[in-house]
Every structure is written in structure tokens, then in C-alpha cells.
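Single-letter residue listing:
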Amino acid sequence: MNEDIRIHSWPCSYYLDSGKQWVSGRLSLTPVGIKFTADKTGELLVDFHLSGISEIKKESSNLIFSSLTILEKSTKHWFSSLQPSRNVVFNVLEHFWREQLLESRGAAAAGGAAPRPSKGKELTGMLAGSQQRLEDTAKVLHHQGEQFDNIMKGLDKIEGDMDVADRLLTELESPSWWPFSSKLWKAPLESKPKEAAAVPDPKTQEGIILRIPVIVTHRTDSNVKPGKLTLFASGLEISDCNSQVIHRFESRDVDDIRVHTPYEISVRQRFIGKPDTSYRLLSAKMPEVIPVLEMQFSKKMQFLEDALGFVGARKSPQVDLGTSIWQAATGLLGGVVQPGSPAGSREGTDNDQVQLQQHEKVSQEEAKELRQILKKLKGLALETEAELERQDEALDSISSSVDRATLTIDKQNRRMKRLT
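Keep in mind it's a predicted model, so treat the numbers as computed, not measured.

Student: Account for the packing of aromatic side chains, with residues named and values stated.
Tutor: Counted by the stated rule, this structure contains 6 aromatic pairs. Note on Tyr-14 and Phe-36: the rings are 5.3 Å apart at their centroids and 40° apart in plane angle, and the pair reads as tilted. Of this pair, Tyr-14 sits in strand 1 (residues 8-16) while Phe-36 sits in strand 3 (residues 33-38), placing them 22 residues apart in sequence. One exposure class covers both Tyr-14 and Phe-36, and it is buried. Site record: aromatic cluster; members linked through ring pairs are Tyr-14, Phe-36 and Phe-79. Its end group placed over the ring of Phe-271, Lys-274 keeps NZ or CZ at 4.4 Å from the ring centre.

In C-alpha cells:
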């Protein structure tokens, strides 16, 4: 991810200690740091890493009102006149600072200042990411399959109801002297309670695909508050820090998802005659969620100008995972099992030497781990392909059932018109 990308910026004033004066400018947040640029001179007065921050506080004194202080190592930076408000800036900065701290601690726990990972470790990480994406896809497809099954059950019930209606119409069309009229009326009425008893079970608790901390803004309100975004196969849910649901969007309710930056999205549901329901969500973990949202709401995703670079940067190394990563994985694994070319080969190009160097960096343990991940990926891919084929057949069956139901309804309408 580009470290120079600007997540957010706010107009404010910065206290320049060397000149003992307040300087107006813009406070900017990047994925890894904080910057302040003066309006008049364009000079960069503040530029430090998020990991160097010791404390972020809301302070005030006799001379400085409604200020925000950031303690960076031994230097205390004062910001005032923050727009739209001090609370908004504080919540956003604190969120990204805490997420940066969590990442730093996780890296430290994993081995402190670890050296650059080997090719095997890098490849393992990429394949593990691909496995997670496939698992997320499988969850979404499984939920869609359940929806198709429910649609099929509904269509079967509709066909049963139309059979009952057909018998009733036949009774109405029969002459008054027909001796079996009472039986035809009673048969469908006696079966009604059984139909009513077969009510589908209530919706069981579904699995969570992803859950991340977010900063929530409702519509165009200036107030923001920390919360959580939970992504299900059937939609998404926004809750506060106490896990109280603020709003839940079912998949069918979402009209569009706008990606403003790699870290900020807005989800909207349109209404006629009343204001839209819209939430703006900002999170340091949003780059992990956007690919899943793109898979689940592909036709409803809109990438705005500031997010287009993120799309290109993300697609270039990752979209071809199905080819480049698989080729690299099988190539590296082959190099471990059969390293290099035969000893008797006369031609050894530079490319062969580079490949040999890469192969030597993959240990037997890494190769074993890669084989296990590849095995899981293959199984997930086969399951996903089978589920897609099943859903294609279900769609064809649903389409045929709808066509039959439409023809039957048209015939019954014409019969009703003749009776009336």
C-alpha cells in the first residue's frame, strides 16, 4: 500500500514552538504517519510515524482552548481550531494509532526486528491470503445456495397453490347438477392447515465472514463514533463499541457502496419520499474488507477517484493469483524436490541461476507447508466449482418454474374473466 496516500485531512492551526506562534494549515493522516502543512508557505512542519506516538489527548488551558495534543517521543505537538470538530479528529487519529500499535506488537511478538522473509514465507503468506478469500467465497456461495433452495421450496408451494386454484376454478366452471361439487370444495380446504403448518424455520444465526473496528458517521452528520463492521454472507451490520446494533443492511437493501479511499467507504439504501439511509465507515482494516465486498456486491460497488489507484495497485499483484501464484508455487516446489537442471546440462542461463537461488531459499518445512495449503486450495476450488454448477442448475430450474407459473396464472386469469 502506498504510504503517501492521504486517508484524511482537516483544516487546523499548529503551534510552532520555534516562532512562538500559531500557524494555519492542514493536518493530514496517511497509513503510517501524520503530517502538517502550512497554508501560506506550503512548508511541511510536522512529519512523524504513527508508531512514534506515545499519547493522543484532548487538552485545554487558559491560553489554548479545545486543543488536541500528540506526544511524539519527547516532543508535544499542539493542534487547535480543528474542523469539523476536535472529537472527530481525535477519534480518527486514535483509531489508526491503536491499529498501528497492534500491528507493531504483533510483529514484535512474532520475532522482533525479523529479517526480510524468504521466498517461501512470502509465497506461504500469499497462498494463505488466497485460501482465506476462497473460504470467504465459499461462505457467500453457500448462503446463496440456501437462498436458491428456499426459492425452490417457495415455487413448489406456489405450484401446489395453483393446483388448488385450478381445482376450484374447475368446480366453479362445473354445471350446478354435477354430483361431486361438495368434495371438490372440501378437499383443498382440509389441506390448508397442513400447508400452514409447514412454515419454514426461523433464520438461524449465520457465520461471520469478517469483523473490523470502524469509525462510523451517519449520513452527513459531523459527529463520528467508534464501532464495528460485521460482514455476513447475507449482508453487513454496523454496531457500536458495546456491540449494540446501529443498523443492519441485508444484501438486497444495499443500493450502492462507494469506495472513497482504500480506508473509507459509504453504504447507502435509497428510499422514495424519505431520506436515504447512509453510513460512512473509516477503518485501518478496510483494505481487507473491500475485496470481500467487491465479491459480494460487485454490481453495486463504485470506486471514486481517490480509490482508483488502490484498485490498480491491488489488481496488479493479486488478481492473477490463479495463475502467477500457482505457477510460482509449483515452480518453487518443483525446485525443492528436483532443484535446478540436470548436472550434465551444458547451457546455464542467468535465469536458471536466479531460479536456483530462489529454490535454495525454500526449505523442506516451507515446501511441506506450501503443499498443505495448495491441497486445501484445490479442495476449496473443487467445492466452489461444484456449488456454482449446482446453482446454475437451480437457476435453470427456477427459470423454468417461473415460466410455467406465469403461463398457468395467465390461463387462470382468462378463466376467471369468463366466470365473471
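Student: So what's going on with the environment of Glu-59? Which residues, and what values?
Tutor: Secondary-structure assignment places Glu-59 in strand 5 (residues 53-59). In this structure the C-alpha to C-alpha distance between Glu-59 and Phe-79, which are 20 residues apart in sequence, comes to 9.8 Å. Setting aside chain neighbours within four positions, we find Glu-59 in contact with Ser-66, Ser-67, Thr-69, Lys-76, Trp-78 and Arg-86. Here the side chain of Glu-59 touches Lys-76 through a polar contact of 3.0 Å, side chain to side chain.

Student: How would you explain the sheet that holds strand 5 if you had to name every residue and give the values?
Tutor: Taking strand neighbours across the sheet as the criterion, the 7 strands line up as 4-3-2-1-7-6-5 in an open arrangement whose pairing is antiparallel. With one partner strand each, in any of the chains shown, strand 4 (44-49) and strand 5 form the two edges of the open sheet. Taken over all neighbouring pairs, the strand axes of this sheet differ in orientation by 30° on average, direction set aside. Summarising the sheet, strand 3 and strand 4 pair through 5 bridges and their orientation is antiparallel. Each bridged residue has a counterpart across the sheet, and for Gly-33 the counterpart in strand 4 is His-49.

Student: So what's going on with the pattern of salt bridges? Which residues, and what values?
Tutor: This model, assessed by the stated rule, comprises 9 salt bridges. Here Arg-268 ties to Asp-256 by a salt bridge, and the two come within 2.6 Å at their closest N and O atoms. A residue pair is termed long-range when its members are at least 10 positions apart, and Arg-268 in strand 13 (residues 264-269) and Asp-256 in strand 12 (residues 256-261) qualify at 12 residues. Take Asp-256: its relative accessible area is 1%, and that puts it in the buried class.

Reading the values: the criteria
Residues numbered from 1 in each chain as written. Predicted model: local features only at pLDDT ≥ 70, side-chain atom pairs only at ≥ 80, totals over all residues. Heavy atoms only, no water. Phe/Tyr/Trp six-rings, centres within 6.5 Å; stacked < 30°, edge-to-face > 60°. Helix = DSSP H or I, 4+ residues; strand = E, 2+ residues; numbered from the N terminus. Buried < 20%, exposed > 50% of the residue type's maximum accessible area, 1.4 Å probe, protein only. Lys NZ or Arg CZ within 6 Å of the ring centre and 35° of its normal. Contact = heavy atoms within 4.5 Å. Polar contact = N/O pair within 3.5 Å; in protein donor to acceptor, adjacent residues only side chain to side chain. Pairing = 2+ DSSP bridges. Axes fitted to C-alpha atoms, helices over the stretch in contact; angles between N-to-C directions. Salt bridge = Lys/Arg side-chain N within 4 Å of Asp/Glu carboxyl O.

Functional significance is not addressed by these values, which are geometric in nature.
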